[in-house]
Amino acid sequence: GESVGLHLPTLSVQEGDNSIINCAYSNSASDYFIWYKQESGKGPQFIIDIRSNMDKRQGQRVTVLLNKTVKHLSLQIAATQPGDSAVYFCAERSNFGNEKLTFGTGTRLTIIP
Amino acid sequence: DSGVTQTPKHLITATGQRVTLRCSPRSGDLSVYWYQQSLDQGLQFLIQYYNGEERAKGNILERFSAQQFPDLHSELNLSSLELGDSALYFCASSLGPEQFFGPGTRLTVL
């Protein structure tokens with residue numbers, strides 16, 4: 001069945017360093033993936049997305065890598081800042097035309113000043 | 001600010017009661033999604049509406065129902081509330097594949 005999981009529930013990174021958050025998915029039919037950031041008391045905030053026909057996409061300070069062979073997704077955040085502290089979720093969409101997203105359990109990223 | 005609004009921000013009620021959560025999508029977005037977030041379940045998809053019609057259903061209980069109105073705002077109705085319904089309820093909207101989330105309604109059932 002569908003499942004999206006995260007390798008690590010918590011991650012602490014020194015300010016200024018790069019961070020990598022990982023996510024595994026099980027549905028090979030997934031065609032679209034999103035990373036969300038959720039700060040305490042707020043709704044998930046869209047960070048970056050990637051379609052299954054790509055293996056890398058870059059945004060501002062963020063890069064998403066997709067490895068379809070091992071069904072693995074990662075979010076790289078460069079030069080982390082205190083404001084990056086949050087819970088990060090990956091989500092997958094399993095079928096084109098069905099917009100339902102399945103979310104992973106989340107990774108809490110803490111930036112150490 | 002995502003452009004999605006939800007009211008109320010907080011709701012405290014008793015078991016057995018019924019509540020209505022309201023969501024206004026971003027201007028131009030036709031799809032509205034409802035999610036439940038509790039500590040032990042993460043973000044769970046409940047239901048999606050597209051331009052007034054139900055499009056997809058997730059793990060939504062029979063005690064819960066939703067609708068989307070002609071002006072595209074949506075309401076999620078929760079009835080016969082139980083302690084376990086206490087959670088954050090998020091609405092999201094989209095025009096394309098990415099979904100934009102509102103600030104959520106925190107429901108506490110006592």
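The paragraphs below set out a description of the structure included in this document.

**Remarks on the side chain of Ser-93 of chain B**
Residues and elements named next belong to chain B.
So, point 1. Here Ser-93 is to be found in strand 9 (residues 87-94).
So, point 2. Polar contacts involving the side chain of Ser-93 include one to the side chain of Asp-29, which spans 2.7 Å.
So, point 3. When neighbours within four sequence positions are excluded, Ser-93 is seen to be in contact with Val-4, Pro-25, Arg-26, Asp-29, Ser-31, Val-32, Tyr-33, Glu-98, Gln-99 and Phe-100.

**Focus: the interface of chain A and chain B**
So, point 1. At the interface, 19 residues of chain A touch 17 residues of chain B.
So, point 2. Three residues, Pro-44, Glu-99 and Phe-103 of chain A, lead the burial of chain A against chain B; their summed loss comes to 34% of the area buried on that side.
So, point 3. Inspection of the region where chain A meets chain B yields three residue pairs in polar contact (both at pLDDT 80 or more).
So, point 4. For the side of chain A that touches chain B, the secondary structure elements donating two or more residues are strand 4 (32-38), strand 5 (45-51), strand 9 (86-95) and strand 10 (98-103) of chain A.
So, point 5. Looking at which element gives the most residues to the side of chain A that touches chain B, the answer is strand 10 of chain A, with five residues.
So, point 6. Looking at the side of chain A that touches chain B, its residues break down into eight nonpolar, five polar and six charged.

**So, the sheet that holds strand 1 (residues 5-7) of chain B**
All names here are of chain B.
So, point 1. Overall, antiparallel pairing links the four strands, which are arranged 1-3-8-7 in an open sheet. One side of each edge strand has no neighbouring strand; the edge strands of this open sheet are strand 1 and strand 7 (64-68). Averaged over all pairs of adjacent strands, the angle between their axes in this sheet comes to 15 degrees, without regard to strand direction.
So, point 2. When strand 1 meets strand 3 (residues 19-24), the two strands line up antiparallel, connected through three bridges. Following the sheet pairing, Thr-5 is matched in strand 3 by Ser-24.

Thresholds applied
Residues numbered from 1 in each chain as written. Chains lettered and ligands numbered in written order. Predicted model: local features only at pLDDT ≥ 70, side-chain atom pairs only at ≥ 80, totals over all residues. Heavy atoms only, no water. Helix = DSSP H or I, 4+ residues; strand = E, 2+ residues; numbered from the N terminus. Polar contact = N/O pair within 3.5 Å; in protein donor to acceptor, adjacent residues only side chain to side chain. Contact = heavy atoms within 4.5 Å. Buried area = accessible area lost by both parts, 1.4 Å probe. Nonpolar A, V, L, I, M, F, W, Y, C, P; charged D, E, K, R; others polar. Pairing = 2+ DSSP bridges. Axes fitted to C-alpha atoms, helices over the stretch in contact; angles between N-to-C directions.

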